[in-house]
Amino acid sequence: MHRADNITLEDLREGSDEVLKQVYEENRDKFINFAKRYNLSHEDVVDVYQDAYIAFYDNIMNGKVQSFTSSISTYIISIGKYLILDKLKKNNKTINPDFDISILRPEEELIDALDLDTKKLTTEQELLRKHFNALGRKCKELLDLFYYRGFTIKEILELGSYNSENVIKSTKSRCLKTLKEHIKDSVSDE
């Protein structure tokens, strides 16, 4: 039997029940301990872990993950962080002011982790995705939180990455302007 740290993508893709069960069980307690810092019930934390594990498993099986740039547990916890934030948002709970948003998406692959819906994109959506991915990390985080996840300016301020609501508003405006200019330039080049 492997230790979870030594399990490879190939081991996971082979889909042996033993390996998959081991990864699930070895990461469950780590995740539950990590999630204690959030204001969620034990049942909610277990639900989030199961959802994060399913997203992890799906990403392995459909080839979205080509290699691990971190440990399996870090990858699962990273997926879980976004799911926790979504659950807190839905429950209208506030986020611990010490929470550091910069740890949310250490890897670009986490965007894929939550993109379980693989519908064909329109030309406009493809352009948006292409140019959104070309933005800097801070811009992507801010636009994602505000437009996709529906966080208010006040809620983004509570996450602790910005000093004031005005800084958030001006940064959001600058990021959006950059995104629109890149899309406009690419359309006029064609």
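None of the values given here were measured: they were computed from a predicted structure. (Residues numbered from 1 in each chain as written. Predicted model: local features only at pLDDT ≥ 70, side-chain atom pairs only at ≥ 80, totals over all residues. Heavy atoms only, no water.)

**Comments concerning the nonpolar core**
In this structure, Leu12, Val23, Phe31, Tyr53, Phe56, Ile76 and Ile84 are the most contacted members of the largest nonpolar core, which totals 39 residues. Mapped onto this core, the elements with two or more residues apiece are helix H1 (9–14), helix H2 (17–35), helix H3 (42–61), helix H4 (72–90), helix H7 (137–148) and helix H8 (153–158). In this structure, Ile76 is in contact with Val23, Asn27, Phe31, Tyr49, Ala52, Tyr53 and Phe56, ignoring residues within four places of it in sequence. By size, the runner-up hydrophobic cluster in this structure holds six residues, among which are Phe132, Cys139, Leu143 and Cys175. (Core = buried A, V, L, I, M, F, W, Y, C linked by side-chain atoms within 4.5 Å. Buried < 20%, exposed > 50% of the residue type's maximum accessible area, 1.4 Å probe, protein only. Helix = DSSP H or I, 4+ residues; strand = E, 2+ residues; numbered from the N terminus. Contact = heavy atoms within 4.5 Å.)

**A few points about the state of the cysteines**
Evaluation of the coordinates by the stated rule reveals one disulfide. Cys139 shares a disulfide with Cys175; S-S distance 1.9 Å. Because the sign of the S-S torsion sets the handedness, a value of about -75° for the bond joining Cys139 and Cys175 places this disulfide among the left-handed ones. Of this pair, Cys139 sits in helix H7 while Cys175 sits in helix H9 (residues 165–189), placing them 36 residues apart in sequence. Classification of Cys139 as buried rests on a relative accessible area of 10%. (Disulfide = S-S within 2.5 Å.)

**Examining the packing of H3 against H4**
Axis separation between H3 and H4 bottoms out at 8 Å; the angle between their running directions is 125°. Classified by the interaxial angle, the pair formed by H3 and H4 is oblique. For H3 against H4, the interelement crossing comes out right-handed. Residues Asp44, Val48, Tyr49, Asp51, Ala52, Tyr53, Ala55, Phe56 and Asn59 of H3 form the contact with H4, whose own contacting residues are Ile72, Tyr75, Ile76, Ile79, Gly80, Leu83, Ile84 and Lys87. Tallied by class, the residues present in the contact of H3 with H4 amount to twelve nonpolar, two polar and three charged. (Axes fitted to C-alpha atoms, helices over the stretch in contact; angles between N-to-C directions. Parallel < 35°, antiparallel > 145°, perpendicular 65-115°, else oblique. Left-handed = near helix turned anticlockwise from the far one by under 90°. Nonpolar A, V, L, I, M, F, W, Y, C, P; charged D, E, K, R; others polar.)

**Some remarks on H3**
Taking 1.5 Å of rise per residue, 20 residues should cover 28 Å, and H3 covers 29 Å from first to last C-alpha, within 8% of that figure. Within H3 the residues assigned to the buried category are Asp44, Val45, Val46, Val48, Tyr49, Ala52, Tyr53, Ala55, Phe56, Asn59 and Ile60. Phi turns positive one or two residues past the end of H3, at Gly63, with a value near 80°. (Expected span 1.5 Å × (residues − 1).)

**Thoughts on the packing of aromatic side chains**
Scanning all chains against the criterion turns up seven aromatic pairs. Aromatic rings pair up to connect Tyr24, Phe31, Phe34, Tyr49, Tyr53, Phe56 and Tyr75 into one cluster. Of note, Lys172 hangs over the ring of Phe146, and the distance from its end group to the ring centre comes to 4.4 Å. (Phe/Tyr/Trp six-rings, centres within 6.5 Å; stacked < 30°, edge-to-face > 60°. Lys NZ or Arg CZ within 6 Å of the ring centre and 35° of its normal.)

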